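Chain and residue survey
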Amino acid sequence: MTQSPRDEATEVSKVMQQAGHVAYLAGGCVRDGLLGLQPKDFDVATDARPERVRELFRRSRYVGESFGVVRVHLKGGDGAVEVAT
């Protein structure tokens, strides 16, 4: 069974927090939630450096290295979660 985008972002956040980092849902999902809209994508903001995010998630790649953004793909997941430092 595939996870929802929200579940994937929550899982990424939990893994990061268990590794000792701060990780919060951020961006459009927060805005949409406050406006009573259904968010379409979920991003994570963290204090972890992009290199550390890549260490924690093998299936990841830089998508905005100069901005500290890594796209994480979870095993069994259909989507990707963007994690920004």
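Preceding this section is the structure that the text describes.
About the criteria used
- Residues numbered from 1 in each chain as written.
- Predicted model: local features only at pLDDT ≥ 70, side-chain atom pairs only at ≥ 80, totals over all residues.
- Heavy atoms only, no water.
- Helix = DSSP H or I, 4+ residues; strand = E, 2+ residues; numbered from the N terminus.
- Rg over C-alpha atoms; globule rule 2.2 N^0.38 Å.
- Buried < 20%, exposed > 50% of the residue type's maximum accessible area, 1.4 Å probe, protein only.
- Contact = heavy atoms within 4.5 Å.
- Areas by Shrake-Rupley, 256 points an atom, 1.4 Å probe, with all protein chains shown as cover.
- Core = buried A, V, L, I, M, F, W, Y, C linked by side-chain atoms within 4.5 Å.
- Salt bridge = Lys/Arg side-chain N within 4 Å of Asp/Glu carboxyl O.
- Expected span 1.5 Å × (residues − 1).
- Arc of directions from axis to C-beta.

This part takes up the overall build of the protein. When you go through the protein residue by residue, the secondary structure sums to three helices and five strands. Beginning at the N terminus, the succession of helices and strands in the protein can be written as α-β-α-β-α-β-β-β. A globule of 85 residues ought to have a C-alpha radius of gyration of about 12 Å, and the protein, at 12 Å, matches this closely. With respect to the three principal axes, the spread of C-alpha positions in the protein is 35 × 30 × 25 Å. By residue count, 34% of the 85 residues in the protein fall in the buried class. For the protein, the share of sequence-separated contacts (at least 6 apart) that also reach a separation of at least 24 residues comes to 41%. In the form shown here, the protein has an accessible surface area of approximately 5500 Å², with 51% of it arising from carbon and sulfur atoms.

Across soluble globular proteins, nonpolar side chains have a tendency to be buried as a group. In this structure, Val12, Met16, Val44, Val53, Phe57, Val72 and Val83 are the most contacted members of the largest nonpolar core, which totals 15 residues. Where this core is concerned, the elements lending two or more residues are helix H1 (5-18), strand S4 (69-72) and strand S5 (81-84). In terms of residue count, H1 provides more of this core than any other element does, three residues in total. Ignoring anything within four residues of it in the chain, the contact list for Met16 reads His21, Ala23, Thr46, Ala48, Val53, Leu56, Phe57 and Val83.

Next up on the list: the pattern of salt bridges. A complete count under the given rule lists three salt bridges for this structure. Between Asp32 and Arg31 there is a salt bridge, and its shortest N-O distance comes to 3.1 Å. In this structure Asp32 comes out as buried when scored by relative accessible area, which is 12%. Taking the shortest distance from any N to any O, the salt bridge between Glu55 and Arg52 comes out at 3.2 Å. Of this pair, Glu55 and Arg52 both sit in helix H3 (residues 50-56), three residues apart, which is roughly one turn of the helix. On the basis of relative accessibility, which here comes to 55%, the residue Glu55 falls in the exposed class.

Before going further, it helps to examine H1. In this model H1 runs 20 Å from its N-terminal to its C-terminal C-alpha over 14 residues, within 8% of the 20 Å that 1.5 Å per residue would give. Those residues of H1 lying buried are Glu8, Ala9, Val12, Ser13 and Met16. Around the axis of H1, the buried residues are gathered within 135° of arc, so they sit on the same side. Along its buried surface, H1 packs onto strand S1 (23-26), strand S2 (43-46), H3, S4 and S5. Looking one or two residues beyond H1, the residue adopting positive phi is Gly20, at roughly 95°.

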